[in-house]
Amino acid sequence: MSRTFARRFQVATAGHDQVLDITPQVREVIQASGIRDGLVCVFVAHSTAAVSVSEYEPGLVEDVRVAAERIAPERGSYAHNRLNADDNAHSHLRSLVIGPSVTVPLVSGALTLGTWQRIVLIDFDTHARTRTVWVQVLGE
Ligand code: ZN
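Residues numbered from 1 in each chain as written. Predicted model: local features only at pLDDT ≥ 70, side-chain atom pairs only at ≥ 80, totals over all residues. Heavy atoms only, no water.

Asker: Break down the overall build of the protein chain for me, citing the residues and quoting the values.
Answerer: Along the protein chain, the regular secondary structure elements total four helices and eight strands. Starting at the N terminus, the α and β elements of the protein chain follow one another as β-β-α-β-β-α-α-α-β-β-β-β. Taking the principal axes of the C-alpha coordinates as reference, the protein chain spans close to 50 × 30 × 20 Å. Pairs at least 24 residues apart make up 82% of the contacts formed inside the protein chain by residues separated by at least 6 positions. Of the roughly 7,700 Å² of accessible surface on the protein chain, a fraction of 53% belongs to carbon and sulfur atoms. (Helix = DSSP H or I, 4+ residues; strand = E, 2+ residues; numbered from the N terminus. Contact = heavy atoms within 4.5 Å. Areas by Shrake-Rupley, 256 points an atom, 1.4 Å probe, with all protein chains shown as cover.)

Asker: Can you break down the coordination of the zinc ion residue by residue, with the values?
Answerer: Those donors, H80 (NE2), D86 (OD), N88 (OD1) and H92 (NE2), are the protein atoms that reach the zinc ion, and they lie 2.1 to 2.3 Å from it. For the zinc ion, the four donor atoms in the first shell make angles of 85 to 176° at the metal, so the coordination geometry reads as irregular. In primary-sequence terms, the residues that donate to the zinc ion follow H-x5-D-x1-N-x3-H. (Donors = N, O, S within 2.8 Å, 3.2 Å for Na, K, Ca; no water. Tetrahedral: all angles 85-135°; square planar, octahedral: opposite > 155°, others 65-115°.)

Asker: Let's hear about helix α1 (residues 23-33): which residues, and what values?
Answerer: Those residues of α1 that fall on the buried side of the exposure criterion are T23, V26, V29, I30 and S33. The arc that holds every buried residue of α1, seen down its axis, measures 120°, which confines them to one face. Opposite its buried face, α1 presents the exposed residues E28 and Q31, each directed more than 90 degrees away. Immediately beyond the C-terminal end of α1, within one or two residues, lies G34, with a positive phi of roughly 75°. (Buried < 20%, exposed > 50% of the residue type's maximum accessible area, 1.4 Å probe, protein only. Arc of directions from axis to C-beta.)

In structure tokens:
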């Protein structure tokens, strides 16, 4: 009989493409769920942040900034900024390309991440924020 368990946690970020390893927080939710086999969905409920899976080391974290600037340059002519007197169209665009969630199989109580894979939260916004991340575990 499968069941679901959902819990959210908050993360303080610095914005500006900061990459944070949130794997420990996700593992805590899995522990609390008591579920050992199924799927784990990790979702950030904000339109200028993203969740993905990546190696987590300083060089790559720096490279993410370079890649993000290529996806959507910070300086540009954006309707979102013009029409809303906002400054973060590039943040929204980077977020929508990477996406708000990942789903990872859970097998025998463990995430099936590869040796170098971590679940990461990336904050593309232009200032420090507090981000809400949801984890839903589905299984038995
Ligand atoms: Zn905006």
